[in-house]
There are 8 protein chains.
Amino acid sequence: MKKSSSNGVLFDCGRTERIGLPEAVFCPGKPRAILLELFERFQKRPVLFTRLEEEVFASLPLTLRRKYDYEAISRTAFAERLAHQTGRVAVVSAGSADAPVAREAARTLDFLGYGYTLYEDSGVAGIWRLNDKLSEINDHEAIIVVAGLDAALASVLGGLTPRPIVGVPTSVGYGLARGGESALASMLLSCAPGVAVMNIDNGYGAACAAARILRLLKG
Amino acid sequence: MKKSSSNGVLFDCGRTERIGLPEAVFCPGKPRAILLELFERFQKRPVLFTRLEEEVFASLPLTLRRKYDYEAISRTAFAERLAHQTGRVAVVSAGSADAPVAREAARTLDFLGYGYTLYEDSGVAGIWRLNDKLSEINDHEAIIVVAGLDAALASVLGGLTPRPIVGVPTSVGYGLARGGESALASMLLSCAPGVAVMNIDNGYGAACAAARILRLLKG
Amino acid sequence: MKKSSSNGVLFDCGRTERIGLPEAVFCPGKPRAILLELFERFQKRPVLFTRLEEEVFASLPLTLRRKYDYEAISRTAFAERLAHQTGRVAVVSAGSADAPVAREAARTLDFLGYGYTLYEDSGVAGIWRLNDKLSEINDHEAIIVVAGLDAALASVLGGLTPRPIVGVPTSVGYGLARGGESALASMLLSCAPGVAVMNIDNGYGAACAAARILRLLKG
Amino acid sequence: MKKSSSNGVLFDCGRTERIGLPEAVFCPGKPRAILLELFERFQKRPVLFTRLEEEVFASLPLTLRRKYDYEAISRTAFAERLAHQTGRVAVVSAGSADAPVAREAARTLDFLGYGYTLYEDSGVAGIWRLNDKLSEINDHEAIIVVAGLDAALASVLGGLTPRPIVGVPTSVGYGLARGGESALASMLLSCAPGVAVMNIDNGYGAACAAARILRLLKG
Amino acid sequence: MKKSSSNGVLFDCGRTERIGLPEAVFCPGKPRAILLELFERFQKRPVLFTRLEEEVFASLPLTLRRKYDYEAISRTAFAERLAHQTGRVAVVSAGSADAPVAREAARTLDFLGYGYTLYEDSGVAGIWRLNDKLSEINDHEAIIVVAGLDAALASVLGGLTPRPIVGVPTSVGYGLARGGESALASMLLSCAPGVAVMNIDNGYGAACAAARILRLLKG
Amino acid sequence: MKKSSSNGVLFDCGRTERIGLPEAVFCPGKPRAILLELFERFQKRPVLFTRLEEEVFASLPLTLRRKYDYEAISRTAFAERLAHQTGRVAVVSAGSADAPVAREAARTLDFLGYGYTLYEDSGVAGIWRLNDKLSEINDHEAIIVVAGLDAALASVLGGLTPRPIVGVPTSVGYGLARGGESALASMLLSCAPGVAVMNIDNGYGAACAAARILRLLKG
Amino acid sequence: MKKSSSNGVLFDCGRTERIGLPEAVFCPGKPRAILLELFERFQKRPVLFTRLEEEVFASLPLTLRRKYDYEAISRTAFAERLAHQTGRVAVVSAGSADAPVAREAARTLDFLGYGYTLYEDSGVAGIWRLNDKLSEINDHEAIIVVAGLDAALASVLGGLTPRPIVGVPTSVGYGLARGGESALASMLLSCAPGVAVMNIDNGYGAACAAARILRLLKG
Amino acid sequence: MKKSSSNGVLFDCGRTERIGLPEAVFCPGKPRAILLELFERFQKRPVLFTRLEEEVFASLPLTLRRKYDYEAISRTAFAERLAHQTGRVAVVSAGSADAPVAREAARTLDFLGYGYTLYEDSGVAGIWRLNDKLSEINDHEAIIVVAGLDAALASVLGGLTPRPIVGVPTSVGYGLARGGESALASMLLSCAPGVAVMNIDNGYGAACAAARILRLLKG
């Protein structure tokens, strides 16, 4: 009776060559032993750890922690980042509760070598906050919109800018918010044409989508 | 073995006294014989027929049709209307596909004795269309917002006016529109406080809610 | 690589002028540091804190807590309230489990300057409890109905009063209650015309909707 | 390669002995040839055909049609009925759109040998209609409640009678009615204890449930 | 500004006269102070406390606990029970995980004065377990079926007995069990006619439905 | 500006070598021109056409129709079948409304070269019908169970046979049947271990799954 | 006071300046009179008509039809197109049933001035079909992936290309396909990072998203 | 009349004879006393305990624990296993988060006497990982595919192997993953024919399905 001898986790090392995006480690659910092994292995390589809760990071040995740049709100860590790239992204979010997702997107952009500007608390209930910043936002080559609840921000912004827009619905809210499903539907139904959408709370994926876009700037 | 002898439809004649709103007839699913009887019975009383398709109305005898004021887009008919009341409602809709619902609301207001103005094609993808009309809209004592898809109009308008707002999500759209459920969720999750919401496509109900509100103006 | 320097939370200070309702702070998910900053900032201004759990409030410094009027069942706090306004609201709830939502509505009304009366435990299984109070309820200019489970109270009351009715479904119940979605559907489907509805458990929003209505009394 | 030779439909002939309810034929989806065969076979036996649309029945040969008692609103037919039984059922429905379901229940009771009285248009929006009839309704040994939309009738009646209540939600309504799912949830969540519920539009099943109950009267 | 002075919980004291079932107290979500008051008040009256977790009961004063008959698996307590009634119920459950619901039904029957027999672990995967007990089960005047997952037990039993059957789906299971919604659907779709169904996990309600039925035996 | 010149449909000709199952043509939605081309192309090759409605087949030229073996209830056609294989499948269905799905499974087995026996009308409401046939059913190497509504047949049969079981839920039923989703959930939740399940109404897929299994008999 | 003189449809003429995408007309639900007016008005301007069924287009006057370039599978028409732009898109679809959506995307690109290549029938069940074309696909600056059912194509392709990918789930399939919701979920959950997604069947929107991206190539 | 003397749990001892699979104990929700009794009873019989959390097992008496073979990731324990059988299964999983389910399947196979090989981290985002192992995988008589998120692995593998495939969707992921419902739908909709599917996370059931299949190898 043959059994699998593989204990560790296979990594997709050719991924950067194939798709231009390095492998990332989604931390929730991974046992401590495996996480520890991964942190050991990647201290000199550009690998992004996402959804890494503060207490989990704090439980790593100090010598290992020192090798990593950890940021608590975005719950991300990395030891090395990719080389600087051409192109900047405006990350626009609706409310302060959307911060973890908006900052996960921002940190991923930073890790991938792209510049970004964060525009938080830009929800449409006070639409003047958005108008004031519009021409500055349009100076970026791509826009990530992060919003929960009715996610009206995606539609309003989509009607005001010619830039590529990647929407990230968030799980903020209660009742009909349904864990972000209503915000997701709103973004997919945006009356402004050409708003592309990611999974709920997927700031990491939005940054990857933006990176795929900005790579066109290279020529 | 006793059986029910009642063939006809019992009407709630005391309703106007109790709640200030006369009975209405929701036409779909009612057999032709019963509809005919109801049209006969109400040719001199203020009763509103809703969701009355053009071909159904056209199939009534001409002498009966002449007694009724029928309007095809709103699919409504009535022989008598209520006395003129104080108060006017702005009915603001997002797109031309919302017209049947917006006009059902408008016609119901007309029937109940209230004034109204229709602002159609005011969706947020072209938000300038809304801004131009804002002060005029605010001259009305109440606002009915009719929108499908992401229903962002409710949030944007809710952040710009102090008036009572009644939202009516519509079943316009495909895919994630889910027959209006996504627009309903968006309105209930509006980031502007105090937007109250009706069932999907329920223009009639929105007008009744507005009428309950405007009655306060009497004293 | 430019980054956002903004750490704090932007507030929508012009909101009261635009829509007549001051900004509110929805507390869940906000980090303690940001909450603390907001409590500091708003100790002399009319801002309402909602969903503020007792243990969170208790963790604030005593000197700060003394500036605020906190009420535990409604989970609300404010340092200043708005000036007294004309108009009173009947807040009618079905069962004692609906108390947190009913009282959130009541406290918000109080904060906004409106009077209210609470009618709790008025569910339709014992419909006599409702009948006894009906004429008293009708003495209020608007009615907020708070109910979970089958939310039949909204329909029964809607058929007995001409007043504006704002329904708030609650997440009370198990199984098919589905976190309040069934109560929400019941209210939206009310066989009494003109019942307008808020998101599940949104007592705050119901009070805002009532305030938009009562403002009409000013003239 | 062996194949099944059976072309016809196997009937469960021992069912009446085992459970006291004869087999029934649910007509939709059955090919005309099979329906014809079943009508031939059951012209002298107590078998109930349900959901039999008028045009389908009209397409049968006249000689066969003459053997059957067909009723169009309930869409039911049978050639023989069971012997008269002790016990009567009040079938109470909310609106005229519920008639097909209410009458399917009534006709099934008739077929099974039980008496019934139909109380139609008894919705709670005009609750006086129900109150007037209450003591008469309570003279029946069991009650079937048929209602769509918010189905508040089940809760109101459940709070007023000690009789066994079987609720049948109907698919009446649009938008949040969700084909009867909201009415089903309302009935299952009834704040009156002991309301038992059937599948949406299942008037036939409600009558069977009532028959299981009334059989207790025999001793 | 008038406020409600009512602090306590109104009880529906006329309920037993109207519907033959005394009031019950659903404990979850009720603050300790209110529960304590209710336990004080009802130590000499027949009131049933349901969903009363062991640690909550244990936290009551010993003198009060001694007045009550508490049972931990069913999570029920009462100080007085109703007088003995004619009629017995078979409570049949599919698996040992259904025990809390099956026993809530059994305890409620006991409280209401009816006899019962529990048949646990009777799932259809081992259908012989059911067959052995069938004639004994049929000696009871009514049957409560308690099952989760695919709830096939309701259909199988429904095809084998002429007795009134009340089904209670349970929230047992994972994945597609969806908190009991799949079991609920299975019971409502039972291919055996006349199975009436309660809300998920509602053993209390099933016993009330059975009591409404058994009352017919009195005459 | 380059455009695609491909008008036709690419077929996966290597499929039989790779997975042992030939390509099939799912007919709905395919334009008549494309269907015609496919029927022309495959008149001498083993390709199965599924969901081919009678009127669509009848609209083909007679000379082409003569090349194909068409069966109306299963809505399948083929010109050539695969060589006879070892292994037989029992196709057991619950009711006569399941016939199109059961027979699609049977016809696909026939096309793939496997023997089968159809056991229709074997629903658990009359469980004796199943018991009588059990040893005969167990003489087949695999079992396909086809059932809608509560799909209890899968659990009952799964508890009585050691054979591989492939369940196919059907979209038969109304209300909570939800187009077969409830039957699907019931099968996935079967209390008998090891019942594997296909998509709703997917008789073709079940036969393919059985063929993958029976191929093991070859050695 | 009855108002609203506006009969026509307001168009958002400044849209091209603001967002670089001209207005489009979604035809379903628009009355013939309004469609006719729009076709008259836009015969010399770049406006795209989508979801225009063949029989609707055929019903227009011949003189008007001659002004428009209509294509039946994509259901699109336009009289003028935008000037040629830099950038080409690979439109890759899984099966022939996805053709209407894939071609709506392709035609929209054509209308907007972008080149495209269609790769149809590239589903992963025959993954060799995709591999053969990969380097050619990667020669395009952006990729639109169109797939229904399990939409596995998006993940497979996303793991093989560094290009921006816009996914369009289609409503192809039955049962669990749920009108495209399952394909939508699959795309949003793609294990390949950075796949952005549009509403179900929204080929038009995908082309707009691609156009927003390709505009970056200008400089 | 209080009854039910049965305290223990009835086991289905004839199950192995009937269906060839011994009884298993699903541990969650079972009280410690009952679990303890079951562990005592089955220390010399082949019974599998599933979903047995490490801390629960650790709480058993040491003498009892020593009798059992416990494995923590799969959360399974047994004292005796079945005799070795002919046939081996490839258990292929997509990511390391699927390990608990994949290993529950593997351990169940081991317990039932079948050989297996585990192929973990074989997701399609790096499809080369799968290709390298394909011929080795095809050397097994059956394949269990374990995957969450978009579960594209089932389709890709289904298009590459002629072996019987049993899919197990997992609850891995967030947002649209919906606790595994999206992965379940993807597997049921697999574009490769003949993939049979189990309930979400049901590794145990997949092994039972595989065992039903492999038993064919005996004769």
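Residues numbered from 1 in each chain as written. Chains lettered and ligands numbered in written order. Predicted model: local features only at pLDDT ≥ 70, side-chain atom pairs only at ≥ 80, totals over all residues. Heavy atoms only, no water.

Draft legend 1. Seen up close, the overall build of chain A. A tally of regular secondary structure across chain A gives 10 helices and nine strands. What you see for chain A is a C-alpha radius of gyration of 18 Å, in line with the 17 Å of a compact globule of 219 residues. Overall, chain A is about 60 × 45 × 40 Å in size when its C-alpha atoms are taken along their principal axes. In chain A, once contacts between residues fewer than 6 apart in sequence are set aside, the share between residues at least 24 apart is 67%. Total accessible area computed for chain A in this model is approximately 7300 Å², and 53% of it derives from carbon and sulfur atoms. Each charge class in chain A can be summarised by its mean position, and for the 25 positive and 23 negative side chains these summaries are 8 Å apart. (Helix = DSSP H or I, 4+ residues; strand = E, 2+ residues; numbered from the N terminus. Rg over C-alpha atoms; globule rule 2.2 N^0.38 Å. Contact = heavy atoms within 4.5 Å. Areas by Shrake-Rupley, 256 points an atom, 1.4 Å probe, with all protein chains shown as cover. Lys, Arg positive; Asp, Glu negative; His and termini not counted. Charge placed at Lys NZ, Arg CZ, Asp CG, Glu CD.)

Draft legend 2. Layout of the arrangement of the chains. Note that chain A does not reach chain F: the shortest distance linking a C-alpha of one to a C-alpha of the other is 19 Å. No interface is formed between chain B and chain F, the nearest pair of C-alpha atoms being 15 Å apart.

Draft legend 3. Highlighting the pairing of strand E6 (residues 115–119) of chain E. Residues and elements named next belong to chain E. The element E6 is largely enclosed, with a buried count of five among its five residues. Burial of E6 is two-sided: the residues Gly115, Thr117 and Tyr119 facing one way and the residues Tyr116 and Leu118 facing the other way are all buried. Sheet topology places strand E5 (residues 88–93) next to E6; five bridges connect them, and they run parallel. Considered in E6, the bridge of arginine 88 is made with glycine 115. Taken together, E5, helix H5 (residues 99–112) and E6 constitute a β-α-β crossover, and its handedness is right-handed. (Buried < 20%, exposed > 50% of the residue type's maximum accessible area, 1.4 Å probe, protein only. Pairing = 2+ DSSP bridges. Right-handed = clockwise from strand over helix to strand, strands pointing away.)

Draft legend 4. Local environment of the interface of chain G and chain A. Of the residues lining the interface, 35 residues belong to chain G; the matching set on chain A comes to 35 residues. Summed over both partners, the interface of chain G with chain A comes to about 2700 Å²; 62% of that surface belongs to carbon and sulfur atoms. The largest share of the area that chain G buries against chain A comes from Pro193(G), Arg212(G) and Leu216(G), three residues that together contribute 26% of it. Scanning the region where chain G abuts chain A turns up zero salt bridges. Elements represented by at least two residues in the side of chain G that touches chain A include exactly helix H1 (15–19), helix H9 (181–188), strand E9 (195–197) and helix H10 (203–214) of chain G. Residue classes in the side of chain G that touches chain A are distributed as 22 nonpolar, seven polar and six charged. (Buried area = accessible area lost by both parts, 1.4 Å probe. Salt bridge = Lys/Arg side-chain N within 4 Å of Asp/Glu carboxyl O. Nonpolar A, V, L, I, M, F, W, Y, C, P; charged D, E, K, R; others polar.)

Draft legend 5. Molecular detail of the relation of the copies chain G and chain A. The two copies are related by a screw motion: chain G maps onto chain A through a turn of 180° and a shift of 0.0 Å along the axis, at an RMSD of 0.0 Å. Both copies are brought into coincidence by an operation consistent with a two-fold rotation axis. In this assembly, 100% of the residues forming the interface of chain G have copies in chain A that are likewise at the interface, indicating an isologous arrangement. (Least-squares fit on C-alpha atoms with pLDDT ≥ 70 in both.)

Draft legend 6. Focus on the confidence of the model for chain A. All names here are of chain A. For chain A, the mean per-residue pLDDT works out to 90, and 93% of the residues sit at or above 70. Considering only residues more than four positions removed or in separate chains, one finds that residues 1–9, a stretch of pLDDT under 50, has 20 contacts. Both scores are available for the predicted complex, with the pTM at 0.93 and the ipTM at 0.92. (pLDDT = per-residue confidence, 0-100.)

Draft legend 7. Structural detail: the environment of Tyr114(E). With respect to the element layout, Tyr114(E) can be found in the loop between H5 and E6. For the pair Tyr114(E) and Leu214(E), spaced 100 residues apart in sequence, the C-alpha to C-alpha distance is 8.5 Å.

Draft legend 8. Quick look at the pattern of salt bridges. This structure, assessed with the given rule, holds 68 salt bridges over all chains. The closest approach of N and O atoms between Arg81(B) and Asp110(B), which form a salt bridge, is 2.9 Å. With Arg81(B) in the loop between strand E4 (76–78) and strand E5 (88–93) and Asp110(B) in helix H5 (residues 99–112), this pair connects stretches of sequence that are 29 residues apart. With a relative accessible area of 40%, Arg81(B) lands in the partly exposed category. Taking the relative accessible area as the measure of exposure, Asp110(B) reaches 8% and is therefore buried. Among the charged side chains, a network of salt bridges with common partners joins Asp69(A), Arg81(A), Arg107(A) and Asp110(A).

Draft legend 9. Layout of the domain arrangement of chain A. Residues and elements named next belong to chain A. Entries for chain A in the domain assignment read domain 1 (2–78) and domain 2 (88–217). Between domain 1 and domain 2, the C-alpha centre-to-centre distance is 26 Å. Listed per partner, the contact involves 19 residues of domain 1 and 15 residues of domain 2. Approximately 1400 Å² of surface area, both sides summed, lies buried where domain 1 meets domain 2, with 63% of it carried by carbon and sulfur atoms. Per-residue buried area on domain 1 facing domain 2 is highest for Leu21, Ile73 and Phe78; these three make up 34% of the total on that side. Our count for the contact surface shared by domain 1 and domain 2 stands at two salt bridges. Residues aspartate 69 and arginine 107 are paired through a salt bridge, measuring 3.2 Å at the closest nitrogen-oxygen approach. Elements that contribute at least two residues to the side of domain 1 that touches domain 2 include exactly strand E2 (48–50), strand E3 (69–71) and strand E4 (76–78). Residues that form the side of domain 1 that touches domain 2 fall into these classes: 11 nonpolar, four polar and four charged. (Domains from an automatic or database assignment.)

Draft legend 10. View of the side chain of Asn199(E). Looking at the element boundaries, Asn199(E) is found in the loop between strand E9 (195–197) and helix H10 (203–214). Among the residues examined, Asn199(E) registers a relative accessible area of 3% and is labelled buried. Not counting residues within four places of it along the chain, the set of residues in contact with Asn199(E) comprises Tyr174(C), Gly175(C), Leu176(C), Leu188(D), Leu189(D), Val168(E) and Pro169(E).

Draft legend 11. A look at the environment of Ala152(G). Inspection of the secondary structure assignment puts Ala152(G) in helix H8 (residues 152–158). Judged by its relative accessible area of 1%, Ala152(G) is buried. Setting aside residues up to four positions removed in sequence, Ala152(G) forms contacts with Val124(G), Ala152(H) and Ser155(H).

Draft legend 12. Fine view of the packing of aromatic side chains. Inspection of every chain in the model, using the stated rule, returns 64 aromatic pairs over all chains. Summarising the aromatic geometry, the rings of Phe39(D) and Tyr68(D) are spaced 4.8 Å apart at their centres and angled 75° between planes, so their arrangement reads as edge-to-face. On the criterion of sequence distance, the pair formed by Phe39(D) in helix H2 (residues 32–41) and Tyr68(D) in the loop between helix H4 (62–65) and strand E3 (69–71) is long-range, its members being 29 residues apart. Note on accessibility: Phe39(D) and Tyr68(D) belong to one class, buried. Aromatic ring contacts, followed pair by pair, group Phe39(A), Phe42(A), Phe49(A), Phe57(A), Tyr68(A) and Tyr70(A) into a single cluster. (Phe/Tyr/Trp six-rings, centres within 6.5 Å; stacked < 30°, edge-to-face > 60°.)

Draft legend 13. Spatial organisation of the environment of Ala196(E). Checked against the element boundaries, Ala196(E) lands in strand E9. Separated by 29 residues in the primary sequence, Ala196(E) and Gly167(E) place their C-alpha atoms 6.0 Å from one another. Aside from chain neighbours lying at most four places away, what touches Ala196(E) is Ala196(D), Val197(D), Met198(D), Ile165(E), Val166(E) and Gly167(E).

Draft legend 14. Layout of helix H9 (residues 181–188) of chain A. When you tally the buried positions in H9(A), you get eight out of eight residues, the bulk of the element. For H9(A), the complete set of buried residues consists of Glu181(A), Ser182(A), Ala183(A), Leu184(A), Ala185(A), Ser186(A), Met187(A) and Leu188(A).

Draft legend 15. Structural view of the side chain of His140(D). Residues and elements named next belong to chain D. Following the sequence through the fold, histidine 140 ends up in the loop between helix H7 (134–138) and strand E7 (142–147). Taking the relative accessible area as the measure of exposure, histidine 140 reaches 1% and is therefore buried. Side-chain polar atoms of histidine 140 contact the side chain of arginine 88, separated by 3.4 Å. (Polar contact = N/O pair within 3.5 Å; in protein donor to acceptor, adjacent residues only side chain to side chain.)

Draft legend 16. Examining the packing of helix H5 (residues 99–112) of chain H against helix H10 (residues 203–214) of chain H more closely. Residue and element names in this part refer to chain H. The geometry of H5 relative to H10 is characterised by a closest axis approach of 7 Å and an angle of 40° between their N-to-C directions. Viewed along their axes, H5 and H10 adopt a mutual orientation that is oblique. The handedness of the crossing between H5 and H10 is right-handed. Together, Val101, Glu104, Ala105, Thr108, Leu109 and Leu112 of H5 and Gly203, Tyr204, Ala207, Cys208, Ala210 and Ala211 of H10 make up the contact between the two elements. For the contact of H5 with H10, the per-class residue count stands at nine nonpolar, two polar and one charged. (Axes fitted to C-alpha atoms, helices over the stretch in contact; angles between N-to-C directions. Parallel < 35°, antiparallel > 145°, perpendicular 65-115°, else oblique. Left-handed = near helix turned anticlockwise from the far one by under 90°.)

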